[in-house]
Structure formats: C-alpha cells, structure tokens
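Given next are the chains, with one letter for each unit.
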Amino acid sequence: MKDGKETARRIERKLKEAGLRPTRQRLDLAGLLFADGERHVTAEMLHAEAHRHKMSVSLATVYNTLNQFAAAGLLREVAIEGTKTYFDTTISDHQHFYFEHDGTLIDLEPDEEVAVAVQKVPEGMKVARIDVLIRLVPDE
Ligand SMILES: [Zn+2]
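Given the structure is predicted, the values throughout are model-derived calculations rather than measurements.

Trainee: With reference to specific residues and values, describe the overall build of the chain.
Mentor: Assigned secondary structure in the chain consists of five helices and five strands. When its helices and strands are written in sequence order, the chain yields α-α-β-α-α-β-β-β-β-α. A buried classification covers 34% of the 140 residues belonging to the chain. Restricting the contact set of the chain to residue pairs at least 6 apart, pairs at least 24 apart contribute 36%. Of the accessible surface of the chain, which amounts to about 9700 Å², a share of 51% is contributed by carbon and sulfur atoms. Averaging the positions of the 19 positive and the 24 negative side-chain charges in the chain gives two centres separated by 10 Å.

Right under this line is the structure:
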C-alpha cells in the first residue's frame, strides 16, 4: 500500500461522510476494500484476505460490516445465482463479466449494451449464458 497515511485518512473520511463511526474493524476492512482500484468480494473472500493481513475478525463481523457499508451506499450488492452475494466498490450502474471457473467479476463499461459487451469476451473464454435483469421501480 503506497502512501498509507493519506489512504487511511481518505478512508476514515469516507466512512464518516457515509454516517458510519470509524471503528478499528471498519477501518481495517475498509482499508482492504477501498485502498486501490475496483473490488468485487464476497464475505468469505474478504474474511480470508483479512486473515492474510493478520487481522483477527470473524466471518460474521465481515458479513455485517459489508452489509453496513452497502446500506450506507459505500458498496453495491451484486447477487450471482441467488446465493452468492458480491460487494462491489463501484456503486454506479454497470454490468459484469462473471468468470464461472474462479468466481471473479470484471466491470463492463457503464451502460454498455449486451451486444457490444459480448464482442469483448476475453481471449480463451466463451459466453456460457447471458442473464439480464432489468430492475424496475414505481414511476412516480
Ligand atoms: Zn462491478
């Protein structure tokens, strides 16, 4: 992590602005999530990562913290196959390539059409299935 102090300050500010008290555990987990670049993690993935960084935190705490971050608008939930929930650090509207063999997600361009996206399937991969979910809310 380069320039750790500046990153830590930015992350503490981010939590406060979202209305979350910057507890040690929230800061530690936010540090993993928001230090650099876009991330797509499940609670299990982040829990394993926390342990690699010698953080002592339970899976339940990781799960609760991710849900709190999502409720505060810091993360977007992405449900895959109904049971697996990923938490996405990119909260703007976008779709994903999902790599079934290793469970990774890659962002597509915002508002990119499916027909365009399928032209960009990475070398060595092919489309297994396309799920499009158009979410609707009452028009008021
Ligand atoms: Zn994403």
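Still more ground to cover, so stick around.
Trainee: Summarise the sheet that holds strand β2 (residues 76-80); cite the residues concerned and give the values.
Mentor: Strand order in the open sheet formed by three strands is β1-β3-β2, and the pairing between neighbours is antiparallel. The open sheet has two edge strands with one neighbour each: β1 (40-41) and β2. Both β2 and strand β3 (residues 84-88) contribute to a ladder of five bridges, which runs antiparallel. If you follow Ala79 over to β3, its bridge partner there is Thr85. Where helix α4 (residues 59-71) meets the sheet, it contacts β1, β2 and β3, and its direction lies at approximately 55° from that of β3.

Trainee: Break down the coordination of the zinc ion for me, with residues and values.
Mentor: Binding of the zinc ion to the protein goes through His40 (NE2), Asp88 (OD), His94 (NE2), His96 (NE2) and Asp107 (OD), at separations of 1.9 to 2.2 Å. Between consecutive donor residues of the zinc ion, the sequence gaps follow H-x47-D-x5-H-x1-H-x10-D. The class of His96 is buried, set by a relative accessible area of 18%.

Trainee: Go over the environment of Ala117, please, and point to the residues and values.
Mentor: Inspection of the secondary structure assignment puts Ala117 in helix α5 (residues 114-117). Taking the relative accessible area as the measure of exposure, Ala117 reaches 4% and is therefore buried. Along the primary structure Ala117 and Val41 are separated by 76 residues, whereas in three dimensions their C-alpha atoms are 22 Å apart. Beyond its immediate chain neighbours, meaning those up to four positions away, Ala117 contacts Phe97, Leu108 and Glu112.

Reading the values: the criteria
- Residues numbered from 1 in each chain as written.
- Predicted model: local features only at pLDDT ≥ 70, side-chain atom pairs only at ≥ 80, totals over all residues.
- Heavy atoms only, no water.
- Helix = DSSP H or I, 4+ residues; strand = E, 2+ residues; numbered from the N terminus.
- Buried < 20%, exposed > 50% of the residue type's maximum accessible area, 1.4 Å probe, protein only.
- Contact = heavy atoms within 4.5 Å.
- Areas by Shrake-Rupley, 256 points an atom, 1.4 Å probe, with all protein chains shown as cover.
- Lys, Arg positive; Asp, Glu negative; His and termini not counted.
- Charge placed at Lys NZ, Arg CZ, Asp CG, Glu CD.
- Pairing = 2+ DSSP bridges.
- Axes fitted to C-alpha atoms, helices over the stretch in contact; angles between N-to-C directions.
- Donors = N, O, S within 2.8 Å, 3.2 Å for Na, K, Ca; no water.

These figures capture arrangement, not role.
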